Amino acid sequence: MKRVFPKLIALALAVVMVFALLVSCKDDNNGGNNGANNGGNNGGTTLSDPYAGKTHAEVSEELYTKVLGEFYEYYDKATQAKTVSERYALMAIAEAKLLGAGIMLPSTANGGSYAISHVAPRTVSSVLWGTDEYRFHNALVVNGDPLKIEDINALKAIWAETKGTGTYEAKAKEYLAAHGYTLKDTYGYGYTSDPVTWDWLNTYQAADFRALVNLYDGLLEYNSENVQVPALATSYTVSDDGLTYTFKLREGVNWVDYQGNVLEEVTANSFVKGLQHLLDAEGGVEYLVDGVIKGVSEYLSDEDADFSHVGIKAKDKYTLEYTLTAPCSYFITMLSYSVFAPISEAFFIANGGAFGRDAYKEAAAKEGYTYGTSFEKIAYCGPYLVTSATAENSIVFEANPAYWNKDNITIKKITWTFISGQDKTETYNRMKAGDLAGAALNANTLAIARENGDFTKYAYVSGLDASSFPVFFNLYRKQYGNFNDATVAPTTMSDVDKIRTNLAMQNKNFRLALVTSLDRAAENAVLTGDDLKYTSLVNSYTPGDYVSLTEEVTVKIGGVDKTFPAGTYYGAIVQAQLDADGIKVKVWDPTAEGGIGSSTGFDGWYNVDYARENLQKAIAELKAQGVEITKENPIILEMPYYDINEPYANRSNVLKQSIEASLQGYVKIVLVKTGGSNAGNWYNAGYYPTSGDLMNYNLTDICGWGPDYGDPATYLDTMLPQGGGMAKNIGLF
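Residues numbered from 1 in each chain as written. Predicted model: local features only at pLDDT ≥ 70, side-chain atom pairs only at ≥ 80, totals over all residues. Heavy atoms only, no water.

On to the overall build of the chain, then. Each helix and strand in the chain was counted, giving 21 helices and 26 strands. Relative to the compact-globule value of 27 Å for 733 residues, the chain shows a C-alpha radius of gyration of 25 Å, a close match. Projecting the C-alpha coordinates of the chain onto the three principal axes gives extents of approximately 75 × 65 × 55 Å. Here the chain, with 733 residues, has 62% of them falling under the buried criterion. Side-chain charges of the chain comprise 59 positive and 87 negative groups, with the mean position of each set lying 3 Å from the other. (Helix = DSSP H or I, 4+ residues; strand = E, 2+ residues; numbered from the N terminus. Rg over C-alpha atoms; globule rule 2.2 N^0.38 Å. Buried < 20%, exposed > 50% of the residue type's maximum accessible area, 1.4 Å probe, protein only. Lys, Arg positive; Asp, Glu negative; His and termini not counted. Charge placed at Lys NZ, Arg CZ, Asp CG, Glu CD.)

This is the structure in structure tokens:
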């Protein structure tokens, strides 16, 4: 997740996790229909692309500096801060510069919807970062009817009382038994996208990690009480200077194949080779340790090709050592991410793999390289083995008979069922039939549940996680058909329309008009119902309460020294900088949560008067560039949408109507059908492309971000140049 997205780049269509219910450049004219209208319509004038003839890298560098230069400047200052609190304050200022640039509109988080569940609350980790939230081995799933709302509330209260004591699971079992529930050892999960790879060291996609994290163990793991506990490491020490972390590993843990046959032992070398493969493959998560672990930057840049100079060593068979470039306050919180996962060296080599950047690239290009291409082509050391996987159908996880902790897992089998999204009642019906452990309630199933009494007995409002699903704006669109199969309907934009739109998107006031023109509550109500339309709204990229200052800090806000006392939340500093910059949006409400403050649960961006004010500024500025914008000749913005999914189709129509009405017809939103029998075509337009020049949209709400570790950098890193994976969503890098 320099940030690229390990954690995720999360999918917008998070179909049925009981807890997270959001329902988690090529040349111009690529597939477009431009020949008939080459001249376009620009008030009789002609336009040329000011970036024509430049490479995508050159365009990206120029636009990034122009649009996000201030953000990068403050981010860089934050990385050089002398204290953690100063770091947080400067990160908050950087975020204000990011939000104030208008390149994205924070929209929603996972959760905040009505749901019905068979899973006892808080029996799966709910820590806000990493991937342990997808580990289901100790979930408590009840047989028969779903959990009653009063029992869900009682269990949440027990969790709050016992958090950190290590007793919640036992007390939850006692409570459930005393109230007539019995437990089953299976878990049904609905999914919308198959893993693209089974190599957990060579991907950054949430769609992959949700499956893969159940197949291996890391050094430490967050339990259901959100406490880090030993996994493959039994203990660790930190040197006095904070640079060296030494882990003692569990002995007798084995790698097995998908049939459970023992391959070799998991040793310290398994982690060393895991990191080397991750850096060789450059699958998107290497940014997490670039600049953190000694020697990684030099290895990735080919400045030093000798991996033995990287700060990871097998001191002996069961002793693993990491050496950092500088003390890192959040290093231990990073360990639940795959960047610290092991690999079976022997199995990797047997399936065509090689170590060393050049050697790996050469090996991976050969026909004999099969590692990670299917569930049969990986070695396992986690609680489950995949025993079958059929694309767009099902994936079955069976308990690993050789797992070191096999006697202490409650779920013996996990069955994933593919949900295409065409049937708006499918997840609810499958939950009722016992195929799924839970379901979010959309507008259709909410009505059914109210009518049959399920709502009154079982429905609860799911809590928010720390994800953020923004609407992104493409600053320099080059792709007008899906990068891999052109399945999205061809554009109707002329060549001149494309230039006009790109120039408009590069104008800050135009973008600010867009981000403040959308009635997000009305849009969200389509999915959640009117009574919950504000619940899952987020107003910042990093949650405002993600971190707080531990000591007093003085920083410059708007050129004036301002002192923030210890205890100040991150969001309050973001708001202070936005106010100083004259950006009229609200990202932090200090009165929310009983005076604690919050960045969620309200719409602080929708401001029609401010949107129109910015639009008029943009119209004047763009006219000077030769772009005439009138109601008869509006700026056209194309947005691919999931047309066969009725709730999402309706939601996209609300977005279209809201922006067009707020901006009085000067902007026209064209919804482009993705078609097909599932969400794959939609994902190919803006989720799976690996670079900004392959993004097939002018605006999109297809994906979001979830954090990897406990520091604001886990969000802000995503918008860095080059390695910052979410920067591609604005058409750059």
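Let us now look at the sheet that holds strand 15 (residues 384-390). Strand order in the open sheet made by the 4 strands is 6-17-16-15, with mixed pairing throughout. Pairing within the sheet leaves two strands with one partner each, and these edge strands are strand 6 (186-191) and strand 15. Strand-to-strand, the axes of this sheet are offset by a mean angle of 15°, without reference to chain direction. Pairing of strand 6 with strand 17 (residues 413-418) involves 6 bridges; the strand directions are parallel. Bridging across to strand 17, G188 finds its partner in T415. (Pairing = 2+ DSSP bridges. Axes fitted to C-alpha atoms, helices over the stretch in contact; angles between N-to-C directions.)

A few words on the sheet that holds strand 19 (residues 460-461). Taken together, 3 strands build an open sheet; the order of strands is 18-3-19 and the sheet is antiparallel. The strands lining the two open edges of the sheet, one partner per strand, are strand 18 (438-440) and strand 19. Bridging between strand 3 (residues 114-117) and strand 18 involves 3 bridges; their strand directions are antiparallel. In the sheet register, I116 faces strand 18, and the bridge partner there is A439.

A full pass over the atoms with the stated rule returns 40 aromatic pairs. Note on Y258 and F375: the rings are 5.6 Å apart at their centroids and 85° apart in plane angle, and the pair reads as edge-to-face. Highlighted residues: Y258 in the loop between strand 11 (254-256) and strand 12 (262-265) and F375 in the loop between helix 9 (357-364) and strand 15, separated in sequence by 117 residues. A centroid spacing of 6.0 Å and a plane angle of 65° characterise the contact between Y322 and F331, whose relative ring orientation is edge-to-face. Both residues of the pair, Y322 and F331, count as buried. The structure contains a cluster of three or more aromatic residues connected by ring pairs, namely F136, Y187, Y189, Y191, F397, W416 and F418. (Phe/Tyr/Trp six-rings, centres within 6.5 Å; stacked < 30°, edge-to-face > 60°.)

The next thing to look at is the nonpolar core. The biggest cluster of nonpolar side chains holds 195 residues, and the ones touching the most others in it are Y322 and F331. Excluding residues within four positions of it along the chain, Y322 makes contact with L219, L243, T244, Y245, F247, F271, I293, G311, I312, F331 and F340. (Core = buried A, V, L, I, M, F, W, Y, C linked by side-chain atoms within 4.5 Å. Contact = heavy atoms within 4.5 Å.)

Further remarks concern helix 13 (residues 495-505). Most of helix 13 is tucked away: 10 of the 11 residues are buried. For helix 13, the complete set of buried residues consists of V496, D497, K498, I499, R500, T501, N502, L503, A504 and M505.

To continue, consider the environment of R430. Mapped onto the secondary structure, R430 falls in helix 10 (residues 426-433). Apart from the residues lying within four places of it in its own chain, the contact partners of R430 are T417, I419, D435 and L436.

Moving on to the pattern of salt bridges. This structure, assessed with the given rule, holds 27 salt bridges. With a shortest N-O distance of 3.6 Å, D435 and R430 are connected by a salt bridge. D435 gets classed as partly exposed once you look at its relative accessible area, which sits at 37%. On the accessibility criterion, R430 (26% relative accessible area) is partly exposed. Residue K432 pairs with D454 through a salt bridge whose shortest N-O separation is 2.8 Å. (Salt bridge = Lys/Arg side-chain N within 4 Å of Asp/Glu carboxyl O.)

This part takes up the environment of T123. Looking at where T123 falls in the secondary structure, it is placed in the loop between strand 3 and strand 4 (141-142). Along the primary structure T123 and A139 are separated by 16 residues, whereas in three dimensions their C-alpha atoms are 4.9 Å apart. In this structure, T123 is in contact with N138, A139, L140, Y168 and S224, ignoring residues within four places of it in sequence. Within the structure, T123 has its side chain in polar contact with the backbone oxygen of A120 (distance 2.8 Å). At a separation of 3.2 Å, a polar atom in the side chain of T123 contacts the main-chain amide nitrogen of L140. (Polar contact = N/O pair within 3.5 Å; in protein donor to acceptor, adjacent residues only side chain to side chain.)

What follows concerns unusual backbone geometry. Not every positive phi belongs to a glycine, and R122 is a case in point at roughly 65°. Note on placement: R122 falls in the loop between strand 3 and strand 4. Under the relative-accessibility criterion, R122 is labelled partly exposed at 33%. Positive phi outside glycine occurs at Q664, with the angle close to 55°. Note that Q664 resides in the loop between helix 19 (646-662) and strand 24 (667-673).

Along the polypeptide, S658 turns up in helix 19. Within the structure, the side chain of S658 is placed 3.3 Å from the backbone oxygen of S517, a separation counted as a polar contact. A distance of 2.8 Å separates a polar atom in the side chain of S658 from the backbone nitrogen of D519. Beyond its immediate sequence surroundings of up to four residues, S658 is in contact with S517, L518, D519 and Y606.

Another aspect to go through is the packing of helix 2 (residues 84-100) against helix 16 (residues 570-580). The contact between helix 2 and helix 16 brings their axes to 8 Å, and the two run at 50°. Relative to helix 16, the element helix 2 lies oblique. Handedness of the crossing formed by helix 2 with helix 16: right-handed. When helix 2 is examined against helix 16, the residues Y88, A89, M91, A92, I93, E95, A96, K97, L99 and G100 are found in contact with a partner set consisting of Y570, I573, V574, Q577 and L578. Looking at the contact of helix 2 with helix 16 residue by residue, the class counts come to 11 nonpolar, 2 polar and 2 charged. (Parallel < 35°, antiparallel > 145°, perpendicular 65-115°, else oblique. Left-handed = near helix turned anticlockwise from the far one by under 90°. Nonpolar A, V, L, I, M, F, W, Y, C, P; charged D, E, K, R; others polar.)

Let us now look at helix 16. Most of helix 16 sits out of view: 8 of its 11 residues are buried. Looking at the buried side of helix 16, the elements it contacts are helix 2, strand 21 (553-557), strand 22 (560-564) and helix 21 (713-716).

Running from N to C, helix 15 (residues 520-528) and helix 19 cross one another at 170°; their axes reach a closest spacing of 8 Å. One element, helix 15, and the other, helix 19, form an angle in the roughly antiparallel class. In contact with A522, E523, V526 and L527 of helix 15, helix 19 contributes P647, Y648, N650, R651, V654 and L655. Of the residues contributing to the contact of helix 15 with helix 19, the split by class is 7 nonpolar, 1 polar and 2 charged.

Coordinates in, geometry out; function isn't part of it.
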